Amino acid sequence: MRLLAKRITGIVCPRQVIDQTLTSQGFVRRGQHPPTYDIRIEDVVSGTVYRLRIPTSPQQTSGFSDDTLLRLGQPSIDRKKSPKGHLKDQPIPSSVLTAANEKIAEVASYLRTPSYR
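Just so it is clear, the model here is predicted, and its values are computed rather than measured.

**Section: the overall build of the protein**
Step number 1: Along the protein, the regular secondary structure elements total two helices and six strands.
Step number 2: Along its sequence from the N terminus, the protein presents helices and strands in the succession β-α-β-β-β-β-β-α.
Step number 3: Counting every position in the protein, which comprises 117 residues, the buried fraction comes to 38%.
Step number 4: Accessible surface, the protein as shown: approximately 6900 Å² in total, 50% of it carbon and sulfur.

**A closer look at the confidence of the model for the protein**
Step number 1: A residue-level look at the protein finds 82% of positions with pLDDT of 70 or above and a mean pLDDT of 85.
Step number 2: The lowest-confidence element of the protein is strand β6 (residues 76–81), averaging 86 in pLDDT; the highest-confidence one is strand β2 (residues 28–30), averaging 95.

**Concerning the pattern of salt bridges**
Step number 1: Within the structure shown, the criterion is met by five salt bridges.
Step number 2: Across the pair Arg-29 and Asp-19 runs a salt bridge whose closest N-O atoms are separated by 2.5 Å. Here the residue Arg-29 occupies a position in strand β2, and Asp-19 occupies one in helix α1 (residues 15–24), the gap between them amounting to 10 residues.
Step number 3: Between Glu-106 and Lys-103 there is a salt bridge, with the nearest N and O atoms lying 3.6 Å from each other. Here the residue Glu-106 and the residue Lys-103 both occupy positions in helix α2 (residues 94–112), the gap between them amounting to three residues, near one helical turn.
Step number 4: We classify Glu-106 as partly exposed; its relative accessible area is 31%.
Step number 5: Under the relative-accessibility criterion, Lys-103 is labelled buried at 18%.

**Section: the environment of Pro-58**
Step number 1: As for its position among the elements, Pro-58 is in strand β4 (residues 48–58).
Step number 2: Classification of Pro-58 as partly exposed rests on a relative accessible area of 44%.
Step number 3: Taking C-alpha positions, Pro-58 is 9.2 Å from Val-12, a pair spaced 46 residues apart along the chain.

**Topic: the pairing of β4**
Step number 1: Inspection of the sheet shows strand β3 (residues 36–43) paired to β4 by eight bridges, in the antiparallel sense. Considered in β4, the bridge of Thr-36 is made with Pro-55.
Step number 2: Between the end of β3 and the start of β4, which pair antiparallel, lie four residues, with Gly-47 showing a positive phi angle near 80°.
Step number 3: Strand direction decides the pairing type here: β4 and strand β5 (residues 69–72), joined by three bridges, are antiparallel. By the bridge assignment for β5, Thr-56 is matched with Leu-72.

Criteria and cut-off values
Residues numbered from 1 in each chain as written. Predicted model: local features only at pLDDT ≥ 70, side-chain atom pairs only at ≥ 80, totals over all residues. Heavy atoms only, no water. Helix = DSSP H or I, 4+ residues; strand = E, 2+ residues; numbered from the N terminus. Buried < 20%, exposed > 50% of the residue type's maximum accessible area, 1.4 Å probe, protein only. Areas by Shrake-Rupley, 256 points an atom, 1.4 Å probe, with all protein chains shown as cover. pLDDT = per-residue confidence, 0-100. Salt bridge = Lys/Arg side-chain N within 4 Å of Asp/Glu carboxyl O. Pairing = 2+ DSSP bridges.

So, in structure tokens, the structure goes:
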């Protein structure tokens, strides 16, 4: 199972809308120009913590400054910390991928809803 990157990659919205949407969903903004958004996902069975990351890039549009619109990049997930060293090389569990995909779908649905913008 892979991340459903197509649902969110390429969405363009005002910076404020992206920031408000992602932070209200539990993401933490890293950096400013352009920001990257991270959220922790924990596998309770193994105690391993994963990080779902959504990068952004400035979207250049005539009539807008470079900082006004952001384009969402391809999300990624990686292991942040594992209490058991032997899990380092193990694949990401399907339950963690499912949780990440559900979060991606939820954020994408908010950002694609015209009335939400």
